[in-house]
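Single-letter residue listing:
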Amino acid sequence: QVQLVESGGGLVQPGGSLRLSCAASGITFSIYDMGWYRQTPGKQRELVARITSGVTTTYVDSVKGRFTVSRDNAKKTVYLQMNSLKPEDTAVYYCNANAMAWGVNTNYWGQGTQVTVSS
C-alpha cells in the first residue's frame, strides 16, 4: 500500500514560518519526484514546489525566495519550509509523488494539510 501523510500545517501570523512534512510509505521513495501543491475553494490545484529525484527544485513565482523544498530519502520524507508567510498562502497543501517508469506515469497524493495565515 502507498501512503503519503502530510503534517505541520496550522495557523500562523503573516511573516511567520511553518515547515510541512510529508512522510511516504509503500514506494521506492528515492526514485520519485516529490511536489507540494495547494488548493483553495473554487481554485485549481497549483504546483507550489517540486523536488526531483535528482534534487532539482522548482517553485511557483509567488513563493520563490520564501519557500524551500527539500527531501530526506533515508526518512522517506519531503519538507516544505515556508518563511515570510502571507495571507494569500492560505490553502490546503497536498503532497504529491510522481514517477515516470515502466512506460507509465504514476501519481500519489496525500490527504492535505491546512495552512492558514492570518493576524
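Residues numbered from 1 in each chain as written. Predicted model: local features only at pLDDT ≥ 70, side-chain atom pairs only at ≥ 80, totals over all residues. Heavy atoms only, no water.

Quick notes on the overall build of the chain
Scanning the chain from N- to C-terminus turns up zero helices and 11 strands. Whereas a compact globule of 119 residues would reach a radius of gyration of roughly 14 Å, the chain reaches 14 Å, a difference of no more than 12%. Each of the three principal axes of the chain carries a C-alpha extent, and together these read 45 × 25 × 25 Å. In the chain, buried positions account for 41% of the 119 residues. A separation threshold of at least 6 residues defines the contact pool for the chain, and within that pool the share at least 24 residues apart is 55%. Per element, the accessible surface of the chain, about 6300 Å² overall, is 49% carbon and sulfur. (Helix = DSSP H or I, 4+ residues; strand = E, 2+ residues; numbered from the N terminus. Rg over C-alpha atoms; globule rule 2.2 N^0.38 Å. Buried < 20%, exposed > 50% of the residue type's maximum accessible area, 1.4 Å probe, protein only. Contact = heavy atoms within 4.5 Å. Areas by Shrake-Rupley, 256 points an atom, 1.4 Å probe, with all protein chains shown as cover.)

Observations regarding the state of the cysteines
By the definition in use, this model includes one disulfide. Through a disulfide, C22 is tied to C95; the S-S separation comes to 2.0 Å. Sign of the S-S torsion, about -80° for the bond between C22 and C95, identifies this disulfide as left-handed. With C22 in strand β3 (residues 18-25) and C95 in strand β9 (residues 91-101), this residue pair connects regions lying 73 residues apart in the sequence. Under the relative-accessibility criterion, C22 is labelled buried at 0%. (Disulfide = S-S within 2.5 Å.)

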